[in-house]
Amino acid sequence: MKKPAKTSAASSAKTPGSIDATLELLSGADYLADRSLATVLFLALRMGRPLFLEGEAGVGKTEIAKVLSETLGRKLIRLQCYEGLDVSAAVYEWNYAAQMIAIRLAEANDVADREKLSSDIFDDRYLIKRPLLQALEPNPGGAPVLLIDELDRTDEAFEAFLLEVLADFQVTIPEMGTIKAAEPPIVIITSNRTREVHDALKRRCLYHWVGYPSAERELAIVRAKIPGIGKTLSMQIVHFVQALRREDLFKAPGVAETLDWATALSELDTVALDPETVADTLGVLLKYQDDIARLDGTKAKALLDEVRAELRAAE
Ligand SMILES: Nc1ncnc2c1ncn2[C@@H]1O[C@H](COP(=O)(O)OP(=O)(O)O)[C@@H](O)[C@H]1O
Ligand SMILES: [Mg+2]
């Protein structure tokens, strides 16, 4: 299949007209989605609804928003969530320092009109626009992609506030009035599910659980992202990682780790996996000492033997 040309961020493209077109759009930017993800994404774009993506870390949730913005030529606006995120970091904040300077200057120049001064310092120039406000403003390139990343890191109060914003795509700034998006942004919300996100918010969205890819798709991802990688090595890497995910680990490796490992092994000019190389590079795949310890030399060798047998049988 011929890949569609990569679109530049300068020109905004139409949203895809079918599930197949959605798959193709994503694969044009080397994002290999399964059909269920492409379906829900297609529907979210069609219905103008936020898409809520949940799944383990490193399975390609954040990347979806980046790829959409790139292929549709829309601006990407990212709100990275964290504990304690509040309106001043998510929506807007007044630039107090600049307002203070304006007041001092006015006083020095003996400006008499106090009322005018107080309306002057609450204008656009003193407003610091944070991601949610930026996403509601008119954008010359078309409605932007708004990525609300790792929502599970915030608290419920912020979630409730977000629910309001997503209901009407508007926010109210007391000193200025209500700002409403003429065209709602394309909203992608992600969660690593460190806690359950509230039903009310999920109900606003279309939902998809992003699982680990099948071996076949993961292999295609590795080969798309690391073009020079050898056939045997890439097969072994993918099957080893898939076998690792079946082990009882504290944190199983995501696609991000597979890609890192494949890059690392390519850097080391590895042609095929052997127990020693696996042991020496395990820190690229596993980030918890307990997991690394669980995969001691004999266990790693057993897994590798299993993978080799699996691949031999498939030949
Ligand atoms: N289906 C996929 N196709 C191509 N690359 C993928 C896919 N899934 C994951 N990746 C890659 O894996 C890495 C991690 O993805 P990311 O979106 O950061 O994960 P998450 O947000 O789920 O933690 C990125 O480099 C991304 O390109
Ligand atoms: Mg992410």
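Preceding this section is the structure that the text describes.
An account of the accompanying structure is given in this report. These numbers were taken from a predicted model, which means no experiment stands behind them.

Moving on: the layout of surface pockets. Considering only enclosed or pocket space, the largest pocket measures out at about 480 Å³ in volume. Contributing to the lining of the largest pocket are 31 residues, with Gly58, Val59, Gly60, Lys61 and Glu63 lying nearest its centre. Breaking the lining of the largest pocket down by element, the ones donating at least two residues are α2 (35-47), α3 (61-72), β9 (206-209), α10 (215-225) and α12 (255-267). When residues in the lining of the largest pocket are grouped by element, the largest group, 4 residues, is from α3.

This part takes up the nonpolar core. Counting residues in hydrophobic clusters, the biggest one holds 35 residues, and the most contacted among them are Leu132, Ile148, Leu151, Leu162, Ile189 and Leu201. Counting the residues that make up this core, at least three belong to each of domain 1 (19-83 + 130-209) and domain 2 (92-125). Setting aside its immediate chain neighbours within four residues, Ile148 contacts Leu79, Cys81, Leu132, Leu162, Val187, Ile188, Ile189 and Thr190.

Turning our attention to the environment of Trp261. Its location among the elements puts Trp261 in helix α12. Placed 22 residues apart in sequence, Trp261 and Gly283 show a C-alpha to C-alpha distance of 9.0 Å. Each residue touching Trp261, except ones within four places of it in the same chain, is listed here: Ile237, Phe240, Val241, Leu273, Val278, Thr281, Val284 and Leu285.

Here the focus is the sheet that holds strand β8 (residues 186-191). The 5 strands are arranged β2-β5-β8-β1-β9 in an open sheet whose pairing can be described as parallel. With one partner strand each, in any of the chains shown, β2 (76-80) and β9 form the two edges of the open sheet. Geometrically, the sheet is characterised by an average inter-axis angle of 20° between neighbouring strands, direction not taken into account. Of the strand pairs in this sheet, strand β5 (residues 145-149) and β8 are connected by 4 bridges, and their pairing is parallel. Paired with Leu147 across the two strands is Ile188, which belongs to β8. Along the sheet, α2 contacts β1 (51-54), β8 and β9; its crossing angle with β9, the most-contacted strand, is approximately 165°.

The next thing to look at is the packing of α10 against α12. Where α10 meets α12, the closest approach of the two axes is 10 Å, and the angle between their N-to-C directions is 50°. Classified by the interaxial angle, the pair formed by α10 and α12 is oblique. The chirality of how α10 crosses α12 is right-handed. Note on element contacts: α12 touches α10 through Val255, Thr258, Leu259 and Ala262, opposite Glu218, Ile221, Val222 and Lys225.

Conventions used here
Residues numbered from 1 in each chain as written. Chains lettered and ligands numbered in written order. Predicted model: local features only at pLDDT ≥ 70, side-chain atom pairs only at ≥ 80, totals over all residues. Heavy atoms only, no water. 1 Å grid on protein atoms, 1.4 Å probe; cavity = no way out; pocket = protein on both sides within 12 Å on 5 of 7 lines; lining within 4 Å. Points joined across faces, edges and corners; volume = space filled by probe spheres on them. Helix = DSSP H or I, 4+ residues; strand = E, 2+ residues; numbered from the N terminus. Core = buried A, V, L, I, M, F, W, Y, C linked by side-chain atoms within 4.5 Å. Buried < 20%, exposed > 50% of the residue type's maximum accessible area, 1.4 Å probe, protein only. Domains from an automatic or database assignment. Contact = heavy atoms within 4.5 Å. Pairing = 2+ DSSP bridges. Axes fitted to C-alpha atoms, helices over the stretch in contact; angles between N-to-C directions. Parallel < 35°, antiparallel > 145°, perpendicular 65-115°, else oblique. Left-handed = near helix turned anticlockwise from the far one by under 90°.

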